[in-house]
Amino acid sequence: QVQLIESGGGLVQAGGSLRLSCAASRRASMGWFRQAPGKGREFVAAIRWSAETYYADSVMGRYTISRDNAKNTVVYLDMISLKPEETAIYYCAAPASLLSTHPRRDTAYALWGQGTQVTVSS
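Residues numbered from 1 in each chain as written. Predicted model: local features only at pLDDT ≥ 70, side-chain atom pairs only at ≥ 80, totals over all residues. Heavy atoms only, no water.

Moving on, we come to the pattern of salt bridges. Applying the stated rule across the entire model yields six salt bridges. Where Glu42 meets Arg34, a salt bridge forms, and the shortest distance between an N and an O atom there is 2.8 Å. A salt bridge links Arg41 to Asp106; the nearest nitrogen and oxygen atoms lie 3.3 Å apart. Here the residue Arg41 occupies a position in strand 5 (residues 41-47), and Asp106 occupies one in the loop between strand 9 (88-94) and strand 10 (111-112), the gap between them amounting to 65 residues. Classification of Arg41 as partly exposed rests on a relative accessible area of 39%. Through salt bridges with shared partners, a single network forms among Arg34, Glu42, Arg62 and Glu86. (Salt bridge = Lys/Arg side-chain N within 4 Å of Asp/Glu carboxyl O. Helix = DSSP H or I, 4+ residues; strand = E, 2+ residues; numbered from the N terminus. Buried < 20%, exposed > 50% of the residue type's maximum accessible area, 1.4 Å probe, protein only.)

The following block contains the structure:
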């Protein structure tokens, strides 16, 4: 079973940037989701084994998901031009085996990290 550990969250001013990391115990397709206080879990981005990527419309052009070329088990989420409304706990997730044809759905993922807090101040 894949173990997932997120890191890189923190406090940043609006317009700033952050890099989140998700370290897995083995190479896997991965997704990032976020959950703001009082709201449901929201898809952010995903990357397949093939390196095909997917993004939520709200983060397109500002967020980049990538895999570490040297450490295939690490996936990054680079975020720029952050907005206060993007304050949330960010989770990485991995499927039980292959990523489904619906990578934007949280039901496509069986394994979740503990989350990392991102706070964007105005």
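Next comes the rest of the description.
Under the defined criterion, the tally for this structure stands at four aromatic pairs. On the basis of an interplanar angle of 65° and a centroid distance of 6.2 Å, the ring pair of Tyr109 and Trp112 is categorised as edge-to-face. Judged by relative accessible area, which is 26%, Trp112 ranks as partly exposed. The structure contains a cluster of three or more aromatic residues connected by ring pairs, namely Phe33, Phe43, Tyr109 and Trp112. Positioned above the aromatic ring of Tyr76 is the side chain of Arg19, whose terminal nitrogen or guanidinium carbon lies 4.0 Å from the ring centre. Lying across the ring of Trp112, Arg41 places its NZ or CZ 3.9 Å from the centre. (Phe/Tyr/Trp six-rings, centres within 6.5 Å; stacked < 30°, edge-to-face > 60°. Lys NZ or Arg CZ within 6 Å of the ring centre and 35° of its normal.)

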